[in-house]
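Notes for the structure review
Here are the chains, one letter per residue:
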Amino acid sequence: MAYQLYRNTTIGNTLQESLDELIQSQQITPQLALQVLLQFDKAINNALATRVRNRLNFKFPLLRDEYGSTVLLTMTFQGHLRTYRFCDNVWTFVLNDMEFRDVADIIKVDKVKIVACDGKASAGGTRDD
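In short, a report on the structure. What you see is a predicted model, and the numbers here were worked out from it, not measured in a lab.

Burial runs low along strand β4 (residues 106-117): only one of the 12 residues are buried. One ladder, built from 11 bridges, connects strand β3 (residues 90-101) with β4; its direction is antiparallel. Following the sheet pairing, Phe100 is matched in β4 by Ile107. Between β3 and β4, which follow one another and run antiparallel, lie four residues.

In this structure, Met75, Phe77, Leu95, Met98, Phe100 and Val112 together form the largest nonpolar core, which totals six residues. At the level of secondary structure, the elements contributing two or more residues to this core comprise β2 (70-87) and β3. A per-element tally of this core places β3 first, with three residues.

A separate point is the pattern of salt bridges. Applying the stated criterion across every chain, the model contains three salt bridges. Put simply, Arg101 and Glu99 hold a salt bridge, and the shortest N to O gap is 2.6 Å. By relative accessible area, which is 35% here, Arg101 ends up partly exposed. Given the relative accessible area of 15%, Glu99 is considered buried. Between Lys108 and Glu99 there is a salt bridge, and its shortest N-O distance comes to 3.7 Å. One salt-bridge network, in which partners are shared between bridges, spans Glu99, Arg101 and Lys108.

What follows deals with the packing of aromatic side chains. In this structure the tally under the stated criterion is three aromatic pairs. Measuring from centroid to centroid gives 6.5 Å for Tyr84 and Trp91, while their planes differ by 35°, and the two rings are tilted. You can call Tyr84 partly exposed: its relative accessible area is 40%. Pairing Phe86 with Trp91 gives two aromatic rings, centres 4.7 Å apart and planes at 40°, and the pair type is tilted. Here Trp91 falls in the partly exposed class, since its relative accessible area comes to 34%. Taken together, Tyr84, Phe86, Trp91 and Phe93 form an aromatic cluster joined through their ring pairs.

What counts and what doesn't
Residues numbered from 1 in each chain as written. Predicted model: local features only at pLDDT ≥ 70, side-chain atom pairs only at ≥ 80, totals over all residues. Heavy atoms only, no water. Buried < 20%, exposed > 50% of the residue type's maximum accessible area, 1.4 Å probe, protein only. Helix = DSSP H or I, 4+ residues; strand = E, 2+ residues; numbered from the N terminus. Pairing = 2+ DSSP bridges. Core = buried A, V, L, I, M, F, W, Y, C linked by side-chain atoms within 4.5 Å. Salt bridge = Lys/Arg side-chain N within 4 Å of Asp/Glu carboxyl O. Phe/Tyr/Trp six-rings, centres within 6.5 Å; stacked < 30°, edge-to-face > 60°.

If you want it as structure tokens, here you go:
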């Protein structure tokens, strides 16, 4: 049985809403709608496992030059996503066999853990831009 977590994505919700409309108008049976959802679960899990490239490009301010301008660093990350979790507005990713590339260097590591949270100001705090 395939994981059903992707049913709560935009495409999964849209599919479920469309199936509900077809059931209400008696164009399909609830059993057929369930079969469609099960096939969606299998297809989305298979597509993410086999077709998704594990490459990310980031541009972020690294430092300021002698004139006070922010210098952007472009870096490519490539690796294998081992686990991920979203809890209390914090994303945690564990990646294996990572490769970091910038213009001049390549760095390879066995394991990387990335913890990320929302950078927007919270109700009681501030954020410097």
